[in-house]
Structures are given as structure tokens and as C-alpha cells.
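Tertiary structure, described
Spelled out from the first residue to the last, the chains are:
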Amino acid sequence: MLHITIQVAIIVVAIVLIIVLISKYKINAFYALMAASFFAAIIFMPADKVVPEIKDGLAHAFKSVGLIVIFGTAIGLILDKSGATLSIANFIVHKIGKQNTLLAILLTSFLVGLPIFCDSAFIVLIGLTKSLSQNSGTPLGASVILLATVLLTVHCLVPPHPGATAAAGILGVDVGNFIIAGTLLSIPLIGICYFLSKKLNNSVYIHTMDNIAPANENLPPVFYSFLPILMPLTLITCRSFYELSTGQKIPFITLAGEPAFALCIGMLCALPLAKKNIINSILTDSIEKAGPILAVVSAGGAFGGIIKATGVGALAGEYISHLGLGIWIPFIMASFLKVAQGSSTVAIITASSIIQPMLGGMGMSSGAGSIFCVLSLGLGSMAVSHANDAFFWVICNFSGMNSEQALKYYTPITGAVAISGMIILQLAYLF
């Protein structure tokens, strides 16, 4: 049996291997995680156990989150392709008024960001954001940064987004409870995004001559546009509150509020929004888009399974518990990985794989403790977004903001919002 110091060193080398392969050599995250898994497994395990252990980790991760990611991706694509997102956005703007541009962008990006990945949602909403800013005289820079930071916050904290969903699966967190907790934490954080963006005033100048307002013809009705978002959230929330308040489970309520089933219902509610001749194309696209995500999620599960099988994680958890850092440990680990390689999804998947075997030693293996842990990981995965993050360049390319402006204003705000979230989380954890 290898000495514990050597075991820890091997795990550290495996983590460094992941970062180097992704950041320096631009290797796909799936292969980087699998390389690290095989590297550690070959050293720690008998030869005949290596492949079975990795397969078990892959299967467990896919089983936990596969349907959630696929159905969630389908809902997002249907809302995007059908124009439902613009229908929602126009409704909010009409109700709030163009004079309250930043508030309209805040609510629109929050609601649209729940089912749609942050990069896709940004591309969909940037035209509307430019139009609103130009017509109301609101500085476009502040509007763009608000749109980007709100979308990133929701993306990192609320399933069915892949990183958050994967972390819940790896840590064994009830996804329904996590959706509620992530949404509740997001609310004060998007308020902080609003406050910080408003403080920018005219600090960030973006040329707006290229603005074109999105077309408003033939958009789906508002009620049916909202339904695929609100239906699964309502079902999941009702199930969680019922079971928490009564301590009982009724099969029908349990089924209806099961996240995978609730998202399937949401997808069915979304289908009538799309034209019949493109429904199959959209569903096929959802599988193709979810596939690479699930591959990375499963590889993260395999890496976490290897670490757990070595027993190093449990010992590390006991050691870390004496440092007094508590829920800051997952945050520090995820933020380090985020800064090092750029992807929020890879950061939270890798960090949750490392943390999972430590939960018992850290005293966070209970239902509430694991939810706090996964929220901490989510906050870490958004701090800080900079030039090695693909979303950073989506913001620059589609908004007209240059990279120097984004690094000066957007990047610090992502860090400030993440730290603010950790302070809120720490206070909630104490009480």
C-alpha cells in the first residue's frame, strides 16, 4: 500500500494533468478527465480492476443526470428556435417599461437563463438588449455586463445546466432541492449584478450603430412561452415542499416532481411552440448538444470514483475539516480550476469529483450539508471568468465590447458576485 503522502501527490499530479491537457494542449475535457482517471487507476488498483472501476464511475454519473441534461437541453433549444425567448423578453419589457431598461434585462436574462445555456441565451438576447439600451438612453456597457453576469450566475447555480446538474449527481444531492436552493441563492446575487452594473454608468462605452432590433412577427403566445419553464419548476417545488413539510411521500407527487420527469413534462409543453416540420430536427440537435456534455459529466464521475476507491479523499476530508475553512474549501477548489482552464462546467465537475470522497470527513455528507457544498462549488465555478473562458469571447464578439473592457469590468464583477454569494452561503450555513 502506498504511503498517504505519495497517494495525495499522485492525485495532485492527476489534477494538474487535467489542467495542462485542457489549458495548454487544448485537449477535449472528456479525454483529459479519462487520461487522469486511467493514470490514477493504474497506479492505485490491480490491473483487472481498472476498467471496471472506470466503467462504474461513468455509468453512475450518466444515470444520475443523463435525462435531466437531455430534456433540459431540448427545452432550451425549442424556446430558442421558436422565438419563445423573445416573446418572454418582449412581455417583460412591455410590463416594466423601457425606462426601466436594466430591470427589464435583469428579469429577462434570469427567466430565459433558467432553461438555456448562458452562451446561447446571450446570443439570443443581445439584440433586444442593444435595442432597449439605445431607445432608452441607458449605457450599453452596463446593460451587456448585467446580461452576461446574470446569465452566468444562473448557469452555474441552477440545474438543468450541465455543471450544476453534474455536481448534484456526483455528490448525491437531490436535484429538486438543489433547483430550489440554487434559485433562491441566485435571487440576491442577480440583485448584486444589477447594483454593480448600474454603478458602471458611462464607464464602459460600446458603439451601438450595428444595432438591429429582433423581429417581433409570429412570436409564440406569452403564456405558452412561459409554460415550459414554469411547469417543471412548479412540479419540482411542490414535491419538495410537500415532502419536507409532511415527511411523507405520495407516489404520484413523487413522480410528478422527480426532476427528470418534470423536465420531460416541460419539454412536452414546449413542443407545440415549434413548427411541426422542425420538431424532429430540434430534438436531434438536443441529443447532439447534450452528448458532449454528458461525456464530460460521465468522465468526471469516473475520475471521482477512482479517487473515492483509493480512500485518499476520506483522509483528506478529515484533515481539511480541521483547517476551519468549511464550505470555502469547495469554492476555493472550483475557482482555482475555473481560473486555470476557463470552463465553468469542467471546473465544477472536476472539483465535485475531488470533493465527493471528502464529504464525510468534512461533516457535509448530510442532505443539507451536501447542498451547501454543491452551491459553494457552483459559486467557485463562476469566479472568475476571463480570457480563457469561451463565454468571455461570446460576450466580446456579440456585444462589441473589447477584451480590455471585459477584463476591466466584467471579470471583476464575476469574482465579486461569487464572493458575495459565499458570504451569503456562509451566513446561511451558520444559522
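Going by the structure above, here's the rest.
This text gives an overview of the structure that appears in the document. On a predicted model such as this, the values are computed, not experimentally measured, just so you know. (Residues numbered from 1 in each chain as written. Predicted model: local features only at pLDDT ≥ 70, side-chain atom pairs only at ≥ 80, totals over all residues. Heavy atoms only, no water.)

Notes on the overall build of the protein chain
Helices and strands together make up the secondary structure of the protein chain, namely 20 helices and zero strands. Whereas a compact globule of 431 residues would reach a radius of gyration of roughly 22 Å, the protein chain reaches 21 Å, a difference of no more than 12%. Its C-alpha atoms put the protein chain at 70 × 50 × 45 Å along the principal axes. Within the protein chain, buried positions represent 56% of all 431 residues. The average position of the 19 basic charges and that of the 15 acidic charges among the side chains of the protein chain differ by 6 Å. (Helix = DSSP H or I, 4+ residues; strand = E, 2+ residues; numbered from the N terminus. Rg over C-alpha atoms; globule rule 2.2 N^0.38 Å. Buried < 20%, exposed > 50% of the residue type's maximum accessible area, 1.4 Å probe, protein only. Lys, Arg positive; Asp, Glu negative; His and termini not counted. Charge placed at Lys NZ, Arg CZ, Asp CG, Glu CD.)

Description of the packing of aromatic side chains
Each aromatic ring pair is characterised by the separation of its centres together with the angle its planes make. Taken as a whole and judged by the stated rule, the model has eight aromatic pairs. Of the aromatic side chains, those joined through ring pairs into one cluster are Phe-392, Trp-393 and Tyr-410. (Phe/Tyr/Trp six-rings, centres within 6.5 Å; stacked < 30°, edge-to-face > 60°.)

A few points about the packing of helix H13 (residues 276-310) against helix H16 (residues 344-355)
Two numbers describe how H13 lies on H16: the axes approach to 8 Å, and their chain directions differ by 20°. Looking at the two axes, H13 sits roughly parallel to H16. The crossing of H13 and H16 is right-handed. In this structure, H13 contributes Val-296, Val-297, Gly-300, Gly-301, Phe-303, Gly-304 and Ile-307 to the contact, and H16 contributes Val-346, Ile-349, Thr-350, Ser-353 and Ile-354. (Axes fitted to C-alpha atoms, helices over the stretch in contact; angles between N-to-C directions. Parallel < 35°, antiparallel > 145°, perpendicular 65-115°, else oblique. Left-handed = near helix turned anticlockwise from the far one by under 90°. Contact = heavy atoms within 4.5 Å.)

Regarding the packing of helix H19 (residues 390-399) against helix H20 (residues 403-430)
Two elements in contact, H19 and H20, have axes separated by 10 Å at closest approach and are oriented at 120°. Classified by the interaxial angle, the pair formed by H19 and H20 is oblique. The handedness of the crossing between H19 and H20 is right-handed. Residues Phe-391, Phe-392, Trp-393, Ile-395 and Cys-396 of H19 pack against Ser-403, Ala-406, Leu-407, Tyr-410 and Thr-411 of H20. Class assignment of the residues belonging to the contact of H19 with H20 gives a composition of eight nonpolar, two polar and no charged. (Nonpolar A, V, L, I, M, F, W, Y, C, P; charged D, E, K, R; others polar.)

A few points about the nonpolar core
Counting 150 residues, the largest nonpolar core has Phe-122, Ile-355 and Phe-391 as its most contacted members. Take this core: its biggest share by element is 13 residues, from helix H3 (residues 47-82). (Core = buried A, V, L, I, M, F, W, Y, C linked by side-chain atoms within 4.5 Å.)

Describing H19
Turning to H19, its buried residues are Phe-391, Phe-392, Val-394, Ile-395, Cys-396 and Ser-399. Close packing links the buried residues of H19 with helix H6 (118-136), helix H7 (140-157) and H20. At the N-terminal boundary of H19, the capping side chain belongs to Asp-389, with an oxygen 3.0 Å from the backbone nitrogen of Phe-391. Within two residues after H19, Gly-400 carries a phi angle of roughly 90°, on the positive side. (Polar contact = N/O pair within 3.5 Å; in protein donor to acceptor, adjacent residues only side chain to side chain.)

Remarks on the layout of surface pockets
The calculated volume of the largest pocket comes to roughly 700 Å³. In terms of lining residues, the largest pocket is bounded by 28 residues, among which Ser-343, Ser-344, Thr-345, Val-346 and Ala-390 are the most central. Counting residues per element, the lining of the largest pocket draws most heavily on H13, which supplies five residues. In this structure, the second largest pocket spans a volume of roughly 330 Å³. Lining the second largest pocket we find 15 residues, and of these Ile-11, Val-12, Ile-15, Met-333 and Ile-354 sit closest to its centre. Every element with two or more residues in the lining of the second largest pocket is listed here: helix H1 (4-23), helix H14 (312-321) and helix H15 (328-341). (1 Å grid on protein atoms, 1.4 Å probe; cavity = no way out; pocket = protein on both sides within 12 Å on 5 of 7 lines; lining within 4 Å. Points joined across faces, edges and corners; volume = space filled by probe spheres on them.)

With respect to the pattern of salt bridges
Charged atoms that come close allow side chains of opposite charge to pair. Within this structure, the stated rule accounts for four salt bridges. Residue Asp-174 pairs with Arg-239 through a salt bridge whose shortest N-O separation is 4.0 Å. Here Asp-174 is found in the loop between helix H8 (162-171) and helix H9 (175-200), whereas its partner Arg-239 is found in helix H10 (residues 222-246), with 65 residues between them in sequence. Between Glu-243 and Arg-239 there is a salt bridge, with its nearest N and O atoms 3.4 Å apart. Of this pair, Glu-243 and Arg-239 both sit in helix H10, four residues apart, which is roughly one turn of that helix. An identical accessibility class is assigned to Glu-243 and Arg-239; each is buried. Where salt bridges share partners, they join Asp-174, Arg-239, Glu-243 and Glu-258 into one cluster. (Salt bridge = Lys/Arg side-chain N within 4 Å of Asp/Glu carboxyl O.)

Re a nonpolar patch on the surface
Together, Ile-4, Val-8, Val-12, Val-16, Val-20, Tyr-25, Ile-27, Tyr-31 and Leu-315 make up a nonpolar patch on the protein surface, roughly 760 Å² of accessible area in all. Of the residues forming the nonpolar patch, the biggest block, five residues, is contributed by H1. Along the chain, Leu-315 turns up in helix H14. Leu-315 sits in the partly exposed class, given a relative accessible area of 44%. (Patch = residues over 30% accessible without salt bridge, like charges linked within 9 Å, V, L, I, M, F, W, Y side chains within 5 Å. Areas by Shrake-Rupley, 256 points an atom, 1.4 Å probe, with all protein chains shown as cover.)

Description of the environment of Ala-262
With respect to the element layout, Ala-262 can be found in helix H12 (residues 259-270). Apart from residues lying up to four places away in sequence, Ala-262 is in contact with Pro-232, Leu-235, Ile-236 and Ala-256.

Things to note about empty space enclosed by the protein
Regions of empty space are outlined by a rolling probe, equal in size to a water molecule, passed over the atoms. This model, assessed by the stated rule, comprises four cavities of 30 Å³ or more. A volume near 140 Å³ is recorded for the largest cavity. Every residue lining the largest cavity is counted, 14 residues in all, and those nearest its centre are Leu-114, Pro-160, Pro-232, Leu-233 and Leu-263. At the level of secondary structure, the elements contributing two or more residues to the lining of the largest cavity comprise H3 and H10. Counting residues per element, the lining of the largest cavity draws most heavily on H10, which supplies five residues. Residue composition of the lining of the largest cavity, by class: 13 nonpolar, one polar and no charged. One number sums up the size of the second largest cavity: a volume of about 70 Å³. In terms of lining residues, the second largest cavity is bounded by Gly-72, Thr-73, Gly-76, Leu-77, Asp-80, Pro-115, Ile-116, Phe-117, Ser-120 and Lys-289. Considering every element that reaches the lining of the second largest cavity, the biggest residue donor is H3, with five residues. Residue composition of the lining of the second largest cavity, grouped by class: four nonpolar, four polar and two charged.

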